[in-house]
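The primary structure of each chain is shown beneath.
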Amino acid sequence: MSPDNRQRVLTVEALRVAYGGIPAVSDITFHVDAGELVGIIGPNGAGKSSALLGLVNAVRSESAQASLRGTDLRRLAPEKVARSGFALVMEGHQVFGRLSVRDNLRLGATARRARAGLTADLDWIHELFPILAEFADRPAGLLSGGQQQQLAIGRALLASPTLLALDEPSLGLSPTAVDTVFEAIQRIRERGTAVLLVEQRAQQTVKSADRTYVLTEGRLTMTLSPTDADDSALLMKAYLGS
Ligand code: ATP
């Protein structure tokens, strides 16, 4: 195995998703390496959610390659994809509203491959999002949108994933809650979990990510680096495809 391969966490080659014959994602190729935070940005309907859902086999997809640290994801049931180390936090801070915050977190542990390190991970998640310790007994449905997003991310982290994929984690949150989520993502990456961040919030994503792919109309059209974040003309062009 070459040093390059050892570092690769996610490899995606020619991924396609279509609904009733209409393409939503057309032959996208990208990768995430160990320790990286990689962004995918794009406007409404660009195919961002479909790409993630296709990767975890929650919708039908085709690809030349889709592998997580050498495990071929393509024929795995979604729960097996999760167990292989691919944690996906779906759009809309999804939590089990009637269950307590503590029980929501516990559910995350069911996708763990090893019990070792569980207490340390839980302590770290509580340090990352102190509100989850403070409101441990509260039904998750009573938390604010930003707090529910913290819980959804915390639950995914308790699975001890190799890759954490987040679908528009900032959607519908207050500006302060958005900052909390973006700061947490940096800390998660610094602790050693690779992150795939799918967002509409272009500037903040390009600034934080090591590399950001632009997805428009189902195709990857551009790759941006953090230094591009302040080039608003470039970001506009990336979005409008002109
Ligand atoms: P958003 O930011 O609005 O979530 P997105 O970039 O995540 O957008 P997708 O939700 O993946 O984009 O949608 C890509 C295309 O696929 C759109 O044209 C959308 O209408 C279509 N689409 C998404 N889900 C379905 C579905 N279940 N059935 C049919 N078409 C769908």
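Residues numbered from 1 in each chain as written. Predicted model: local features only at pLDDT ≥ 70, side-chain atom pairs only at ≥ 80, totals over all residues. Heavy atoms only, no water.

Details of a nonpolar patch on the surface
Together, Phe96, Leu99 and Leu107 line one region of the surface with nonpolar side chains, adding up to about 240 Å² of accessible area. For Leu99, the location among the structural elements is in the loop between strand S7 (86-89) and helix H4 (101-109). You can call Leu99 partly exposed: its relative accessible area is 32%. (Patch = residues over 30% accessible without salt bridge, like charges linked within 9 Å, V, L, I, M, F, W, Y side chains within 5 Å. Areas by Shrake-Rupley, 256 points an atom, 1.4 Å probe, with all protein chains shown as cover. Salt bridge = Lys/Arg side-chain N within 4 Å of Asp/Glu carboxyl O. Helix = DSSP H or I, 4+ residues; strand = E, 2+ residues; numbered from the N terminus. Buried < 20%, exposed > 50% of the residue type's maximum accessible area, 1.4 Å probe, protein only.)

With respect to the site of the ligand
The local shell around the ligand holds 13 residues, among which Asn44, Gly45, Ser49, Ser50 and Glu168 are the closest. In the model, an oxygen atom of the ligand is placed 2.8 Å from a nitrogen or oxygen of the Ser49 main chain. Surface burial for the ligand is 56%, taken as the share of its 630 Å² of free accessible area covered by protein chains. The leading source of residues in the shell around the ligand is helix H2 (residues 48-55), at three residues. Here the shell around the ligand is composed, by residue class, of four nonpolar, six polar and three charged. (Near = heavy atom within 4 Å. Polar contact = N/O pair within 3.5 Å; in protein donor to acceptor, adjacent residues only side chain to side chain. Nonpolar A, V, L, I, M, F, W, Y, C, P; charged D, E, K, R; others polar.)

Quick notes on the environment of Phe182
By secondary structure assignment, the location of Phe182 is in helix H8 (residues 175-190). Spatially, the C-alpha atoms of Phe182 and Ser208 are 8.0 Å apart, while their sequence positions differ by 26 residues. Once residues lying within four places of it in the same chain are set aside, the contact partners of Phe182 are Ser170, Leu197, Glu199, Arg201, Gln204, Thr205 and Ser208. (Contact = heavy atoms within 4.5 Å.)

Topic: H2
H2 sits mainly inside the fold: seven of its eight residues count as buried. Of all the positions in H2, only Lys48, Ser50, Ala51, Leu52, Leu53, Gly54 and Leu55 are classed as buried. Following H2 by one or two positions, Asn57 has its phi on the positive side, about 65°.

Focus on the sheet that holds S7
Across the sheet, which stays open at both edges, the six strands sit in the order S7-S8-S9-S3-S10-S11 with mixed pairing between neighbours. Among the strands making up the open sheet, the edge pair consists of S7 and strand S11 (219-224). On average, adjacent strands in this sheet sit at an angle of 20° to one another, irrespective of strand direction. Note: strand S3 (residues 37-41) against strand S9 (residues 194-199), five bridges, orientation parallel. Among the inter-strand pairings, Ile41 is bridged to a residue of S9, identified as Glu199. Together, S3, strand S8 (163-167) and S9 form the strand contacts of H8, whose direction differs from that of S9 by roughly 155°. (Pairing = 2+ DSSP bridges. Axes fitted to C-alpha atoms, helices over the stretch in contact; angles between N-to-C directions.)

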